[in-house]
Amino acid sequence: MSILDLFKRRTSAPVARERLQLLLAYERQSRGQPDLVSILREEIMAVIAKHVQIDQDYLQVSMDRGATMSTLEIDIQIPNKSAAPLAMAG
Amino acid sequence: MGKVVVVTSGKGGVGKTTSTAALGAAVAKTGKKVALVDFDVGLRNLDLIMGAERRVVFDLVNVIQGTAKLSQALIRDKRLETLYLLPASQTRDKDALTEEGVAEVIARLRSVFDYVFCDSPAGIERGAQLAMRFADEAVIVTNPEVSSVRDSDRIIGLLDARTMKAEQGELIQKHVLVTRYDAARASRGEMLSIDDVLEILSTPLLGIIPESQDVLRASNLGAPVTLSEPINIAAKAYLEAARRLEGEDLPVVVPFERKGFLERLLGRRAA
């Protein structure tokens, strides 16, 4: 290690502090609330089931949390056989 | 009616058991009757830290299941006659503790002792929740390090939601006890500072225990560090923390490391 490295060295504590503050702001928000993703999943399932018969396993809901924006991904697979809309019958 | 204090942290290995023993012995030294209860069923260690491992006959689970009386399971400390230990059992059955059982044991201890310290297991599962369930106050043991602080924050959330007091709409008093604090590393900006930890957790400080060989030595000997003679800096910090726990208004002095000549010469900045 050269003498210059001593001057260049950046301290890690401020980085730790910043990372923690960001993370905990998040975790505190979501704490206490029932799991958002599973509520969404249930309600989306109910809406779709009104019109199309699908299996629970064919609906995937996931949430990707980012620092400024989060994305909600909904993946629904409707098998061709049972895709006949229920509403048509009535 | 005695006060029930849970010593908790979320993260393992931060010093819950050591702190339970040290704080409990410090309070017992003042003449108060103190019971230390080990909630770490399956992985008990408070008996070892207290140097009572060879005196355990009955334990918390025996008392709850009715196979032993509370008075049979309580072990009186050999050094302090006001200090007692209720060991955890080594059973692997996770469900050995029931909420009703714990409620009854705590209620009976509370009626006899001035202070009941509950040493929580690590984690946020059932065992940790039962340890905090009937507490009036909580000591959150935190190391100045990211994962420990994050877990402490989680535990603070649980204390505010899942304790009996919180459910009855009362406030559970919480204190942060920073352990393994290394003043030299903190002054070089390599470790979260006390201010950082307190600001992030926004919980009052009970004390700062410096990283010290004396703590390890006390564990090796099976004696709480606060009973060691002569009094070392870790013991002093715990003794002061215990006085604050009892309500004394005692300022906390952040330990500092004098900068070496070379460091000052090079002007390495503290963050």
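Residues numbered from 1 in each chain as written. Chains lettered and ligands numbered in written order. Predicted model: local features only at pLDDT ≥ 70, side-chain atom pairs only at ≥ 80, totals over all residues. Heavy atoms only, no water.

Named according to an unreviewed UniProt entry, chain A is Cell division topological specificity factor originating from Mesorhizobium atlanticum. Check the Function (unreviewed entry) section of the UniProt entry for chain A; it says "Prevents the cell division inhibition by proteins MinC and MinD at internal division sites while permitting inhibition at polar sites. This ensures cell division at the proper site by restricting the formation of a division septum at the midpoint of the long axis of the cell." Listed in UniProt under the heading Sequence similarities (unreviewed entry), the comment for chain A reads: "Belongs to the MinE family." (UniProt positions renumbered as here; feature names shortened; annotations may be inferred.)

When you go through chain A residue by residue, the secondary structure sums to 3 helices and 2 strands. Ordered by position in the sequence, the α and β elements of chain A form the string α-α-α-β-β. The buried share among the 90 residues of chain A stands at 14%. Contacts in chain A between residues far apart in sequence, at least 24 positions, make up 38% of those at least 6 positions apart. (Helix = DSSP H or I, 4+ residues; strand = E, 2+ residues; numbered from the N terminus. Buried < 20%, exposed > 50% of the residue type's maximum accessible area, 1.4 Å probe, protein only. Contact = heavy atoms within 4.5 Å.)

Right, let's get into the overall build of chain B. Counting its regular elements, chain B contains 13 helices and 8 strands. Over its C-alpha trace chain B gives a radius of gyration of 19 Å, about what one expects of a compact globule, namely 18 Å for 271 residues. With respect to the three principal axes, the spread of C-alpha positions in chain B is 70 × 40 × 35 Å. Every one of the 271 residues in chain B was classed for burial, and the buried ones make up 54%. By sequence separation, contacts in chain B at least 24 residues apart represent 75% of the contacts at least 6 residues apart. Within the structure as shown, chain B displays about 12500 Å² of accessible surface, and the carbon and sulfur contribution to it stands at 49%. Between the mean site of the 36 positive side-chain charges and the mean site of the 37 negative ones, chain B shows a separation of 3 Å. (Rg over C-alpha atoms; globule rule 2.2 N^0.38 Å. Areas by Shrake-Rupley, 256 points an atom, 1.4 Å probe, with all protein chains shown as cover. Lys, Arg positive; Asp, Glu negative; His and termini not counted. Charge placed at Lys NZ, Arg CZ, Asp CG, Glu CD.)

For the pair helix H2 (residues 13–30) of chain A and helix H10 (residues 194–201) of chain B, the least separation of the axes is 10 Å and the interaxial angle reads 15°. Here H2 of chain A is positioned roughly parallel relative to H10 of chain B, judged by the angle of their axes. Like other packed secondary-structure pairs, H2 of chain A and H10 of chain B cross with a definite hand, here right-handed. Side by side, H2 of chain A and H10 of chain B meet where Arg17, Leu20, Gln21, Leu24 and Arg28 of chain A of the first sit next to Asp196, Glu199, Ile200 and Leu201 of chain B of the second. (Axes fitted to C-alpha atoms, helices over the stretch in contact; angles between N-to-C directions. Parallel < 35°, antiparallel > 145°, perpendicular 65-115°, else oblique. Left-handed = near helix turned anticlockwise from the far one by under 90°.)

The subject of this paragraph is the confidence of the model for chain A. When pLDDT is averaged along chain A, the result is 75; 74% of the residues meet or exceed 70. Mean pLDDT per element in chain A: helix H1 (residues 3–8) of chain A is the minimum at 57, and H2 of chain A is the maximum at 87. (pLDDT = per-residue confidence, 0-100.)

Our next topic: the pairing of strand S6 (residues 137–142) of chain B. All names here are of chain B. Burial runs high along S6: 6 of the 6 residues are buried. By the alternation rule, side chains of S6 split into Glu137, Val139 and Val141 and Ala138, Ile140 and Thr142, which are all buried. Both strand S1 (residues 3–8) and S6 contribute to a ladder of 4 bridges, which runs parallel. Along S6, the bridge assignment pairs Thr8 with Ile140. Relative to strand S7 (residues 173–181), S6 runs parallel, the two being bridged by 6 bridges. The partner of Ile140 across the bridge, within S7, is Val176. (Pairing = 2+ DSSP bridges.)

As a rule of thumb, soluble globular proteins bury nonpolar side chains together. All names here are of chain B. Within the largest apolar cluster, 52 residues are counted, with the highest numbers of intra-cluster contacts made by Phe39, Leu86 and Leu109. In terms of residues, this core owes the most to one element, helix H7 (residues 146–162), which gives 5 residues. Setting aside its immediate chain neighbours within four residues, Leu86 contacts Leu36, Val37, Asp38, Asp59, Leu60, Val63, Leu70, Ala73, Leu74, Val105 and Leu109. Judged by nonpolar contacts, the second largest core, of 39 residues, contains Leu46, Leu80, Leu177 and Leu245. (Core = buried A, V, L, I, M, F, W, Y, C linked by side-chain atoms within 4.5 Å.)

This brings us to a nonpolar patch on the surface. Where nonpolar side chains cluster on the molecular surface, the patch consists of Leu72, Ile74, Ile76 and Ile78 of chain A and spans about 310 Å² of accessible area. In this fold, Ile76 of chain A is placed in strand S2 (residues 70–76). (Patch = residues over 30% accessible without salt bridge, like charges linked within 9 Å, V, L, I, M, F, W, Y side chains within 5 Å. Salt bridge = Lys/Arg side-chain N within 4 Å of Asp/Glu carboxyl O.)

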